[in-house]
Amino acid sequence: MQEAGSKEVTEAQIAVHWKEEEFVNPPTKFIAQANMADPSIFERFKEENFPECYREYADMLSWDSYWHTTLDTSNPPFWRWFVGGKLNASYNCVDRHLAKYRNKAAIIWVPEPENEADEVITYQELYARVNEFALVLKEFAGLKKGSRITFHLPMIPSLPISMLSAARLGIIHNEVFGGFSAKACAERMEDSKSYVLVTCDGYYRNGQLIDKKADADITVEEAKKLGINVEKVLVWRRYPGRYLSKSEMVEGRDYFIDYLMKKFRGKRVPPLSMDAEDPLFLMYTSGSTGRPKGCQHRTGGYLAYVAGTSKYVQDIHPEDVYWCFADIGWITGHSYIVYGPLAVAATTVMYEGVPMFPDAGRPWRIAERLGVNIFHTAPTTLRMLRKSGPMEPGKYGYHFKCMTTVGEPIEPEVWKWYYNIVGKGEAAITDTWWQTENGGFLCSTVPALLPMKPGSAGPGMPGIYPVIYDEEGKEVKAGLGKAGNICIRNPWPGMMQTIWGDHERFVRQYYSKYCKDVASKDWHAWPYFAGDGAVQASDGYYRILGRVDDVIKVAGHRLGTKELENAALTTEAISEAAAIALVDELRGHVPVIYASVKPSYTPSREIELEVIANIAKELGPIAKPKAVYLVPDLPKTRSGKIMRRVLASISNSEDYGDLTTLANPDIVETIRKMVQGDKGPTKK
Ligand code: PRX
């Protein structure tokens with residue numbers, strides 16, 4: 001923990017956070033219709049009833065054959081769920097709803113250009129398209145159970161169709177967030193040994209038509225450098241029959257999907273019955289090393305967990321129009337745009353573009369037109385909408401019954417705006433804390449049963465037993481006002497199986513820190529270390545304070561400082577670089593780079609711009625730093641470790657604490673002057 005760059009959760013850090021707020025009760029109208037208004041759920045999911053309590057979630061699914069063991073703990077911490085059970089995720093999200101909901105909208109897609117019509121995909125239509133594309137994957141691309149396939153797709157309906165088509169045949173999908181670079185996509189293809197890339201020609205973002213196919217050409221080149229020969233590039237066209245990209249189709253490698261699908265029109269392929277433990281998908285995320293890790297999610301446990309939480313926390317009924325305003329390229333979208341809502345037969349809304357296009361009223365116009373009654377988004381989006389159009393929601397006649405926030409701590413001020421203005425005082429809010437690794441919510445209120453508290457995620461979910469440990473592994477009790485590392489004491493079905501291809505890293509990253517006995521086969525010995533600081537109030541609610549490792553949340557996206565630094569170092573002139581998180585009013589945090597140049601170079605604006613361009617190229621535009629400071633030297637300990645903590649304090653105008661361990665303490669004042677000007681030393 002004491003490595004350079006790691007952030008300790010200190011009392012001081014808590015002090016900068018908000019105070020405990022008063023409880024707010026959920027509206028009675030909401031409670032009256034809620035899926036889960038029976039307090040015996042807490043009894044049913046208490047520790048004495050673990051792990052069998054999770055049958056309740058699994059029973060929401062249709063199984064081809066029932067499991068014989070709910071939880072197998074014989075190989076810790078590689079827990080196995082619903083062992084012996086067989087099912088298909090695509091069948092559960094599509095086929096089984098046909099009998100009752102054939103003509104109901106499964107997906108409503110809203111294009112960014114406001115004059116373009118929505119695309120409404122019924123369950124029947126989804127069934128047809130999923131079958132046809134699954135046949136393309138099988139017959140044309142030659143993929144089969146266990147093959148990996150990479151998608152680099154934006155928010156167009158082809159993305160969920162591609163996911164469900166792969167899942168139908170047990171092909172493990174690996175969606176790379178559309179905002180990540182072509183190179184990041186290539187690295188993920190290499191790590192997952194994936195030879196087929198699915199992309200699209202173009203899409204709209206902030207009023208611009210983005211050429212996505214051009215990215216695919218770079219991905220193929222970059223993948224080749226890494227030893228991966230991409231055999232096929234399958235291209236969805238945003239308007240079938242019309243090609244939006246300037247990039248040429250490469251013969252024998254690139255194929256239009258609408259063209260390939262014609263051959264399979266009207267054809268069906270039966271869903272493959274999968275073991276509950278067969279992997280469903282990979283989702284790469286940043287950790288504390290430079291190499292992103294492929295979180296491997298299982299079929300049965302994952303689907304059960306997202307179905308259960310969609311029903312009880314998001315309160316989704318099949319009659320609801322549910323809009324999760326997130327990107328399917330991150331876990332929120334996988335779990336709560338695609339798999340969770342479709343498993344419970346909802347109508348799920350997808351929006352192509354950015355919140356503010358063309359103005360801050362856009363989301364509320366969409367909600368009004370489609371009759372959205374459940375809304376789900378991230379604090380960064382709320383901050384942006386609040387700043388630009390604080391009174392916009394009141395102009396539109398939609399009514400939400402419940403709303404969710406996810407991805408970062410939400411400031412009580414923003415929470416209150418969400419509640420009073422967006423929710424018009426009529427909607428319950430769930431603040432859901434969880435991670436890419438977890439599959440679904442870990443802390444949240446069950447909305448009809450527990451009061452809300454602005455800025456607090458709430459208690460552990462039913463069946464999730466959190467604990468806060470200090471650095472020595474001693475429990476930090478509730479109500480002490482002390483922060484520590486939040487952990488989950490028990491396994492749960494939504495938790496990832498492993499890091500793709502790196503079991504050892506999985507154990508080291510999440511379990512080594514607080515494992516009580518490596519020889520134990522009892523789950524009680526293996527708490528899951530989440531990597532977040534938290535504090536628990538005496539009422540049991542958890543307030544999440546942010547990451548304790550080298551991960552930065554930028555507008556809800558997770559970036560590793562090491563990845564940013566490696567990208568900065570691809571600049572010829574740079575010899576050393578350190579990435580830190582600068583607090584930002586709208587985006588939560590933004591990256592800032594401190595770097596030194598090689599002796600033969602002189603710092604210049606050109607070099608700074610080159611660093612910014614290289615980061616965008618290596619990682620994607622979302623990772624662009626807000627500033628690059630070319631400094632004479634970086635502050636280092638005597639053993640040569642860069643003290644990122646000191647740099648972060650300078651950028652954030654905070655006390656930079658004790659400098660006695662530094663080998664070069666004088667550099668700190670020089671850097672401070674460069675960043676803050678001559679306003680005098682940072683307050684001590
Ligand atoms: O720091 C926590 C923060 O987001 C991190 C996980 O990021 P990611 O894997 O991208 O998943 C985001 C969506 C599940 C966590 O370690 N985080 C997530 N939800 C919350 C949160 N911080 C505070 N409150 C939340 N509700």
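Residues numbered from 1 in each chain as written. Predicted model: local features only at pLDDT ≥ 70, side-chain atom pairs only at ≥ 80, totals over all residues. Heavy atoms only, no water.

Topic: the overall build of the protein
Line of reasoning, step 1. Helices and strands together make up the secondary structure of the protein, namely 21 helices and 30 strands.
Line of reasoning, step 2. The C-alpha radius of gyration computed for the protein amounts to 25 Å, which stays within 12% of the reference 26 Å derived for 684 residues, consistent with globular compactness.
Line of reasoning, step 3. Principal-axis analysis of the C-alpha atoms places the extent of the protein at approximately 70 × 60 × 60 Å.
Line of reasoning, step 4. Counting every position in the protein, which comprises 684 residues, the buried fraction comes to 64%. (Helix = DSSP H or I, 4+ residues; strand = E, 2+ residues; numbered from the N terminus. Rg over C-alpha atoms; globule rule 2.2 N^0.38 Å. Buried < 20%, exposed > 50% of the residue type's maximum accessible area, 1.4 Å probe, protein only.)

Section: the site of the ligand
Line of reasoning, step 1. Around the ligand sit 18 residues, and of these Asp431, Thr432, Thr436, Asp532 and Arg558 come closest.
Line of reasoning, step 2. The separation between an oxygen atom of the ligand and a polar side-chain atom of arginine 558 is 2.7 Å.
Line of reasoning, step 3. Protein chains bury 98% of the 540 Å² of accessible surface belonging to the ligand in isolation.
Line of reasoning, step 4. Elements represented by at least two residues in the shell around the ligand include exactly helix H13 (331-343), strand E20 (428-432) and strand E25 (542-547). (Near = heavy atom within 4 Å. Polar contact = N/O pair within 3.5 Å; in protein donor to acceptor, adjacent residues only side chain to side chain. Areas by Shrake-Rupley, 256 points an atom, 1.4 Å probe, with all protein chains shown as cover.)

Describing the nonpolar core
Line of reasoning, step 1. Tyr54, Leu126 and Tyr339 are the most contacted members of the largest nonpolar core, which has 129 residues in total.
Line of reasoning, step 2. Per-element tally for this core: the top contributor is helix H7 (residues 123-140), with nine residues.
Line of reasoning, step 3. In this view, tyrosine 339 contacts Ala89, Cys93, Met163, Leu164, Ala167, His173, Leu280, Phe281, Tyr302, Leu303, Val306 and His334; residues no more than four positions away in its chain are not counted.
Line of reasoning, step 4. Membership of the second largest hydrophobic core comes to 39 residues, among which are Met189, Ala223, Val233 and Ala581. (Core = buried A, V, L, I, M, F, W, Y, C linked by side-chain atoms within 4.5 Å. Contact = heavy atoms within 4.5 Å.)

Details of helix H9 (residues 182-192)
One full turn of an α-helix is made of 3.6 residues, so residues set three or four places apart face in the same direction.
Line of reasoning, step 1. Here H9 lies mainly inside the structure; nine of its eleven residues are buried.
Line of reasoning, step 2. Ala182, Ala184, Cys185, Ala186, Arg188, Met189, Glu190, Asp191 and Ser192 are the residues of H9 that are buried.
Line of reasoning, step 3. A positive phi of about 50° marks lysine 193, the residue just after H9.

Examining the packing of aromatic side chains
Line of reasoning, step 1. The tally for this structure, following the rule as stated, stands at 46 aromatic pairs.
Line of reasoning, step 2. Ring geometry for tryptophan 492 against tyrosine 528: centres 5.5 Å apart, planes inclined by 75°, an arrangement best described as edge-to-face. Here tryptophan 492 is found in the loop between strand E22 (483-488) and strand E23 (498-499), whereas its partner tyrosine 528 is found in strand E24 (residues 528-536), with 36 residues between them in sequence. Just as tryptophan 492 is buried, tyrosine 528 falls in that class too.
Line of reasoning, step 3. Seen from the ring of phenylalanine 256, arginine 237 lies directly overhead, with NZ or CZ sitting 3.7 Å from the centre. (Phe/Tyr/Trp six-rings, centres within 6.5 Å; stacked < 30°, edge-to-face > 60°. Lys NZ or Arg CZ within 6 Å of the ring centre and 35° of its normal.)

Some points on the sheet that holds strand E8 (residues 196-200)
Line of reasoning, step 1. Strand order across the open sheet formed by eight strands is E12-E11-E8-E6-E7-E14-E15-E23, with mixed pairing between neighbours. Looking at which strands have only one partner, the edges of the open sheet turn out to be strand E12 (254-256) and E23.
Line of reasoning, step 2. When strand E7 (residues 172-175) meets strand E14 (residues 279-285), the two strands line up parallel, connected through two bridges. Paired with asparagine 174 across the bridge in E14 is leucine 282. (Pairing = 2+ DSSP bridges.)

Considerations on the packing of helix H15 (residues 379-388) against helix H16 (residues 412-422)
Line of reasoning, step 1. Direction vectors running N to C along H15 and H16 enclose 75°, while the axes themselves pass 10 Å from each other. Overall, the two elements H15 and H16 adopt an arrangement that is roughly perpendicular. Taking contact as the criterion, the partners of Leu382, Arg383, Leu385 and Arg386 in H15 are, on H16, Glu413, Val414, Trp417 and Tyr418.
Line of reasoning, step 2. Residues of the contact of H15 with H16, tallied by class, amount to five nonpolar, no polar and three charged. (Axes fitted to C-alpha atoms, helices over the stretch in contact; angles between N-to-C directions. Parallel < 35°, antiparallel > 145°, perpendicular 65-115°, else oblique. Nonpolar A, V, L, I, M, F, W, Y, C, P; charged D, E, K, R; others polar.)

A few points about the environment of proline 462
Line of reasoning, step 1. Looking at the secondary structure, you find proline 462 in the loop between E20 and strand E21 (466-469).
Line of reasoning, step 2. Along the sequence, proline 462 and valine 446 sit 16 residues apart, while their C-alpha atoms lie 8.3 Å from each other.
Line of reasoning, step 3. Those residues within four positions of proline 462 in sequence are excluded, and the remaining contacts are Ile41, Phe42, Phe45, Tyr54, Tyr57 and Val446.

Quick word on the sheet that holds E25
Line of reasoning, step 1. Here four strands make up an open sheet; going across it, the order is E21-E22-E24-E25 and the pairing antiparallel. Each end of this open sheet is capped by a strand with a single partner; those strands are E21 and E25. Pairwise comparison of adjacent strand axes, ignoring direction, gives a mean angle of 45° for this sheet.
Line of reasoning, step 2. As judged from the five bridges shared by E22 and E24, these two strands associate in the antiparallel manner. Bridge pairing links glycine 484 to alanine 534 in E24.

Observations concerning the pattern of salt bridges
Between side chains of opposite charge, pairing is possible as soon as their charged atoms come close.
Line of reasoning, step 1. Here the structure, examined in full by the defined rule, presents 51 salt bridges.
Line of reasoning, step 2. The salt bridge partner of glutamate 190 is lysine 193, with a shortest N-O separation of 3.1 Å.
Line of reasoning, step 3. The partly exposed category is assigned to lysine 193, whose relative accessible area is 35%.
Line of reasoning, step 4. One continuous salt-bridge network, built from bridges that share partners, spans Glu20, Lys453, Asp539 and Arg543. (Salt bridge = Lys/Arg side-chain N within 4 Å of Asp/Glu carboxyl O.)

Describing the pairing of strand E27 (residues 557-560)
Line of reasoning, step 1. Residues His557 and Leu559 line one face of E27 and the alternating positions Arg558 and Gly560 line the opposite face, and both faces are buried.
Line of reasoning, step 2. Note that strand E26 (residues 551-554) and E27 share four bridges and pair antiparallel. Its bridge partner lying in E27, valine 551 is registered against glycine 560.
Line of reasoning, step 3. Connecting the antiparallel pair E26 and E27 is a turn made up of two residues, with alanine 555 showing a positive phi of about 50°.

Focus on the confidence of the model for the protein
Line of reasoning, step 1. Here the protein shows a mean pLDDT of 95. Residues at 70 or above account for 97%.
Line of reasoning, step 2. Note that residues 1-7 has pLDDT below 50 and, in this model, 19 contacts with residues that lie over four places away or in other chains. (pLDDT = per-residue confidence, 0-100.)

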